[in-house]
Every structure is written in structure tokens, then in C-alpha cells.
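Residue-level structure breakdown
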Amino acid sequence: VTREDRFAEFLETGVLPLGFDAGDPEELGRVRDLLSDEAVWADPPAGLAERIMAGVEGDPGASAAGAAAAPAVAAAPASAVVPFAARRGRRLALALGSAAAILAVVALLVLPGDEPQGRQVALAGTDLAPEASATATVESRGSGEWIKLDVSGLESAPPGSYYQAWVWGARGGVPVGTFHLRGGTDPVILWAGVAIEDYPTITVTLEPEDDDQSPSDKVVLRGALPPGE
Amino acid sequence: MSDQDLGSRFAAGDPGAVRDAYDRYAGPVFSVAMSCLGDRELAADAVQQTFVKAWRAAAAYDPARPLGPWLYAIARRVAVDVWRRERRPTQSGHDRETDVAVTPLSFERTWEAFQVRSALQRLPDAEREVLRLTHYVGMSQSEIAEELGVPVGTVKSRAHRAHRRLAGHLGHLLEVTS
């Protein structure tokens, strides 16, 4: 019987086996207690990764510092980061809903033969859709940001679900349109009422048809406007 | 991808490495923040600040050293800062928040939370679920069997394997305590 066997027995039963000489029982007890602590089981909220990536990809200063292997840089002050929940009790879904209601002009249209000369964002498939890719062409127009999404390799959304496109920035995410691809892969036209410079990350999520307006954690495509564009 | 490869990409300023680091360490970082703050929204705030600060300090990170403990150190510092912020009365005169942890937990306790969460993440899903139902939910083995739709014997063997594997992953903590 090894010391690890006895440690395993302790973790399982909470009783220190006879002859177990692995040190401070109080410390071992703390480790076992953690197994019943919410802290080690709770998961970060959905959408947090996208929010972080939006901050990272929209931060050319930091990116440049890293790419150039600059000397050590001090950590940024906490105030430079917009809190995930700036006010207690304000839920992400509410924030997204408000932002959508106030700022986003959401539309899903197909506009054949209307090719813009806009900026392009490459979106790569995630582990959920490794074969998928897309190119988003973004053009600022009088009524908002016109986004054409050319998707390839993405399966049609299963019945009871749909795809939703989002733009993400330091203030959070804004939904810019939904689609399903069940009738082919025509370019998908999206409209955003927020400036792409402020919301440089674009994601596509797979959403269930329910009344939850917050983004699911099933991100199938992700890309970001290159810094400085 | 090895932790060293990930650390090298991180230090080189590859934004994709932030996403990979998040996938690997967001759970343990969130555990540290939850341990300190006891509040999911504040903990999420701390996780966001941790990864953004880490990104901005990427050039200072030495990829020869493990990435996890470096992120842990940033996370704990951020969580304590969030705790201090929340304990201050607001500028508009509101009472200070009272539902955050009374005091930030010790370095040992938060480091143990980081380690335990990291070890749990390395378990097969089925074994981790048995541990969650046993320790966190507080179910008996027969209740778990019913919940999962498997024989009690299967639960017993999974639980035994899970605790054995967990003890192996936490062996370094055992060295520290011995």
C-alpha cells in the first residue's frame, strides 16, 4: 500500500488511515473539504471567454508589446478593464438585451449582387465545428455596419436550434442576426448598430429555440478584426 | 499542447494562446476567485481581469516557468483587489457590500483550491461526476446509481478509481504537507 493509496482512502472516507504519515492532518483535511466547496465545481459563465478575447484582440498595444518581445511591462490597472458585472445584480442577459434593444439594428437579409469593398475578418471553426470557416466583410453604411458572412463547412442548424452572430467588445456582446443554413450557404447579411472598431470580435453560436436571450457556450465560429484596422 | 508550448506562445504575444490558456486555466482561476469572493459575478469579473492583465504582462512572463502558478499569482492578487473594492463604501454613499467573503483566504487555501480544481479537470468526465455527486451534492452511492442509471457496483468502482486518480494528481500537495 503506497502513500498515495492511503491518501486516496482518506479523500474517499475522510478518515486518516492508520500509519499514514503524510504530514499535517489539518492541511489534508482542507484539501478534502475543498471537494465539497462550490468554488472547485462552479464554472465561469458562458460568454466570458469571448469578452476576454474581445479585450485582448482589440488591444493592439498589448499585442504589439508581446509580438515584439518588448521588455517587461507592468500589469495594467484594474480600472482599465471593464468589469464583467459592473453592477451587482445586473445580469449578462439583461445587459445584452438592453444593448441589443438600444444599439443594435438587427436584420437578416440576403442582398444578391451587392458587393462592398469593406474590411474583412476571417472566422475559424472551433472544436465544435472544426471544418467550418467564414469570411465576414464589414462595411460602414449610413444605417449601421453592414456585415456579409460567407460561410463554408458549417452544417445546417439542427431542428429546434439556430445560429446567432455576435460582435464583442469591451462593453460586452451585441447580437447581430440569426440564420440556419438549411436552404444552402448563400451569403448571410447581418447588420450591427455598433461600431465594429469597438466590437472587433465576431462569433457565431448555436442557440436553442428558447426564451434565453444570452449567448450559449456553443461557439462554432470565431474571428477578430485585426488590431489597427 | 504542452504547458511549455502554451507558455511560449503566450510569452510571444500570440492572442490565440490567451484563448488556449483560458480553456485550460479558467476553471482553476475561477476557483481561486470564488474562494476569495464567494460570488459568481465578482469571480467572473476577477477572471476577466486576470487574463487581460496576464496578456498585457505577457512579455514579462518567462516561458521556462509553468504558466499555471503565474496565472494563479495574478488571479489571487486581482481577487484580493476586487475584494478590497467591494468592501469600500460606494461613492454614492451606499453601504459596503457585505456578501463577499469576510476576509480574503490565505495563500495556502487559494493555492489548494487552484490545485484541486486543476486535478479534478484532469479526471475522466464520468469519474469527476461521481466525485461531484458524492462530495458536493452529498448523494449516497445508491442515490448516485439511480441518478446516473448505472449499478451501484459501477458507482463504487468509479468512485474508487476517481479518488485514486485524484490522489495521484495531488501527490505534490502531499509532498508539501509531509
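Computed from a prediction, not measured in an experiment: that's the story for all the values here. (Residues numbered from 1 in each chain as written. Chains lettered and ligands numbered in written order. Predicted model: local features only at pLDDT ≥ 70, side-chain atom pairs only at ≥ 80, totals over all residues. Heavy atoms only, no water.)

What to know about the packing of aromatic side chains
All names here are of chain B.
- Applying the stated criterion across every chain, the model contains ten aromatic pairs over all chains.
- Aromatic side chains Tyr25 and Phe114 sit 6.3 Å apart centroid to centroid with 10° between the ring planes, which places their arrangement in the stacked category. One end of the pair, Tyr25, is in helix H2 (residues 15-37); the other, Phe114, is in helix H5 (residues 107-121), and 89 residues separate them in sequence.
- Classification of Tyr25 by relative accessible area gives buried; the value is 10%.
- Look at Phe114 and you get buried, because its relative accessible area is 3%.
- An aromatic cluster of three or more residues is present, and its members are Tyr25, Tyr72, Trp111 and Phe114. (Phe/Tyr/Trp six-rings, centres within 6.5 Å; stacked < 30°, edge-to-face > 60°. Helix = DSSP H or I, 4+ residues; strand = E, 2+ residues; numbered from the N terminus. Buried < 20%, exposed > 50% of the residue type's maximum accessible area, 1.4 Å probe, protein only.)

Quick look at the side chain of Thr50 of chain B
- Mapped onto the elements of the fold, Thr50 of chain B is located in helix H3 (residues 40-56).
- Sequence-distant contacts of Thr50 of chain B, that is, excluding residues within four places in its chain, are made with Val29, Leu71, Ile74, Ala75 and Val78 of chain B. (Contact = heavy atoms within 4.5 Å.)

Comments concerning unusual backbone geometry
- We note that Leu181 of chain A has phi near 65°; this positive angle belongs to a residue other than glycine.
- Its location among the elements puts Leu181 of chain A in the loop between strand E6 (172-179) and strand E7 (188-192).

Observations regarding the pattern of salt bridges
- If you walk through the whole model with that rule in mind, you get 22 salt bridges over all chains.
- A salt bridge links Arg30 of chain A to Glu112 of chain B, with the nearest nitrogen and oxygen atoms 3.0 Å apart. Within this pair, whereas Arg30 of chain A is found in helix H2 (residues 25-34), its partner Glu112 of chain B is found in helix H5, the two belonging to separate chains.
- Under the relative-accessibility criterion, Glu112 of chain B is labelled buried at 6%.
- Here Arg84 of chain B and Asp81 of chain B are joined by a salt bridge, their closest N and O atoms 3.8 Å apart. One end of the pair is Arg84 of chain B and the other is Asp81 of chain B, both in helix H4 (residues 67-87) and three residues apart, which spans about a single turn.
- Note on Asp81 of chain B: relative accessible area 32%, which makes it partly exposed.
- Members of the salt-bridge network, linked through shared partners, are Glu50 and Arg222 of chain A together with Arg19 and Asp23 of chain B. (Salt bridge = Lys/Arg side-chain N within 4 Å of Asp/Glu carboxyl O.)

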